[in-house]
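What the coordinates show
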Amino acid sequence: MTTAQARDILSQEFAEDPYPTYGVMLEEQPLVWHDPMQSYIISRYEDVARAFREPVFTSDNYEWQLEPVHGGRTIVQMSGREHAVRRALVAPAFRGNELQRRFLPVIERNAAELIDGFRDAGRADLVADFARRFPINVIVDMLGLNRDDQPKFQRWYENVIAFLGNLSQDPDVAAAGLRTSAELTEYMVPVITERRANLGDDLLSTLCTAEVDGTTMSDQDIKAFVSLLLAAGGETTDKAIASMFKNLLEHPDQLAAVRADRSLIPQAFAETLRYSPPVHMIMRQPDNDVEVTGGTLPAGVTVTCLIAAANRDPRRFADPNSFNIFRTDLPTTTAFSAAAGHLAFALGRHFCVGAMLAKTEVEVATNQLLDAMPDLQIEPGTVLTEQGVFTRGPATLPIRFTPTPR
Ligand code: HEM
């Protein structure tokens, strides 16, 4: 029996440390109605996994949660055949040979450029100087967009993410999201027209020419998908890299093991996704009444699925509140597929299409960062903290190391 108290998920105490509340929900309140959010909340592994796998849990909630900011429908809110065809248009670019051949050099170049910016300094903030910039720079470069515009994309993606995580419906955040949608359309439409006329080996050209069963992507579809990629591939990978380094720096023995044997990086990444997932919650909308632990979810309601709580459900993981890259109940072989044990990429038909890209980014970044900083340590005297409710990760990660020559 836990002694912690459940906090309102919109409260300051929850934002500071959500894990005690997750513990109470897992043990005592597996189904909660949250009035300000007008949403049910579920937390147990079995319930959250079902919400991702079973078609009765639609993702129609993204109509209000995402469509306005992307300026169009995107795969994450589709279902059935429409989803399958649309996903098949984009999925090949994000896996296997395509990923290795076309995008590995892009990922390596972007990691090296950012690290060169601080490797002589002997100190850095791994969040501001690396994690926050790396995934967006990679996406902009993969799409074959102007690299000088990376700061613009950085701002746009922050607005898109704020819109998605606007649990308290702040009107300024909503307005910034809608402005971003208009600015991104203005930027992207001429670029897409130009690219259709001059195709290259980049991701934008792939999207311009992709065709499955006679379905192709319109300019508006492509713009909305680019907007989705900024949010889905930027914020998440940013927080994943930062959280993995935080977790390893706080467990120096595990950091030393990864440094000595780089084949442990996927294991360290998988455990990070379980222990400190970048996306703490996502929503679903059942189209029929569904029984879950603790009661019935009525058709049409919004259900908040607490990924970060489910990943620490003691019914599923032994000693769930410990970070342990050597745990035996989280196989690395499936951790980046729809059969994953953790729920950080969801499961089922909407399982993250960018999971292999994220894994490649994390492997490249970690190898290069460890090589550049042989004696990496937390800046002495710093206590590392996390921030964010919908998405969560370290706010800053000040580090020290002996400078290495280029
Ligand atoms: C550690 C990094 C990442 C995490 C934790 C993550 C998490 C997720 C989650 C939880 C979903 C499911 C959303 C839902 O079902 O409502 C998702 C879907 C998606 N992700 Fe990721 N993601 C990551 C990296 C990426 C990257 C790098 C990309 C591409 C650049 C990407 C693109 C997408 C797309 C397009 C979808 C929608 C798939 C669909 O609806 O079929 N993600 N991701």
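Before reading further, recall that the structure is shown in the block above.
Bear in mind the structure is a predicted one, so any value in this text is a computation, not a measurement.

1. Side note on the nonpolar core
- By size, the foremost hydrophobic cluster in this structure holds 111 residues, and its most contacted members are Val48, Leu230, Cys305, Leu306 and Ile307.
- The leading source of residues in this core is helix H13 (residues 219-249), at 15 residues.
- Once residues lying within four places of it in the same chain are set aside, the contact partners of Leu306 are Tyr22, Ile41, Ile42, Ser43, Val48, His280 and Met281.

2. Here's the deal with helix H3 (residues 45-53)
- Among the residues of H3, Tyr45, Asp47, Val48, Arg50, Ala51 and Phe52 are the ones counted as buried.
- On its buried side, H3 packs onto strand E2 (39-42), strand E3 (57-58), strand E5 (281-286), strand E6 (290-292), strand E8 (302-306) and helix H16 (307-310).

3. Thoughts on the site of the ligand
- Surrounding the ligand, one finds 24 residues, the nearest of these being Gly233, Thr236, His350, Cys352 and Gly354.
- Among the secondary structure elements, those contributing two or more residues to the shell around the ligand are H13 and helix H17 (355-372).
- The class makeup of the residues in the shell around the ligand is 17 nonpolar, six polar and one charged.

4. Examining the environment of Ala176
- Tracing the backbone shows Ala176 in helix H11 (residues 171-197).
- Considered as a pair, Ala176 and Thr328 are 152 residues apart in the sequence and their alpha carbons are 44 Å apart.
- Look past the residues within four positions of Ala176 in its chain and what remains in contact with it is Asn159 and Ala162.

5. Quick notes on the pairing of E5
- Within E5, six of the six residues are buried, leaving the element largely enclosed by the surrounding structure.
- Of the two faces of E5, the one holding Met281, Met283 and Gln285 and the one holding Ile282, Arg284 and Pro286 are both buried throughout.
- One ladder, built from two bridges, connects E3 with E5; its direction is antiparallel. Paired with Phe57 across the strands is Pro286, a residue of E5.
- Pairing of E5 with E8 involves four bridges; the strand directions are antiparallel. Bridge pairing in E8 links Met283 to Thr304.

What counts, and where the lines are drawn
- Residues numbered from 1 in each chain as written.
- Predicted model: local features only at pLDDT ≥ 70, side-chain atom pairs only at ≥ 80, totals over all residues.
- Core = buried A, V, L, I, M, F, W, Y, C linked by C-beta atoms within 7 Å.
- Buried ≥ 20, exposed ≤ 12 C-beta atoms within 10 Å, placed from the backbone.
- Helix = DSSP H or I, 4+ residues; strand = E, 2+ residues; numbered from the N terminus.
- Contact = placed C-beta atoms within 7 Å.
- Near = placed C-beta within 6 Å.
- Nonpolar A, V, L, I, M, F, W, Y, C, P; charged D, E, K, R; others polar.
- Pairing = 2+ DSSP bridges.

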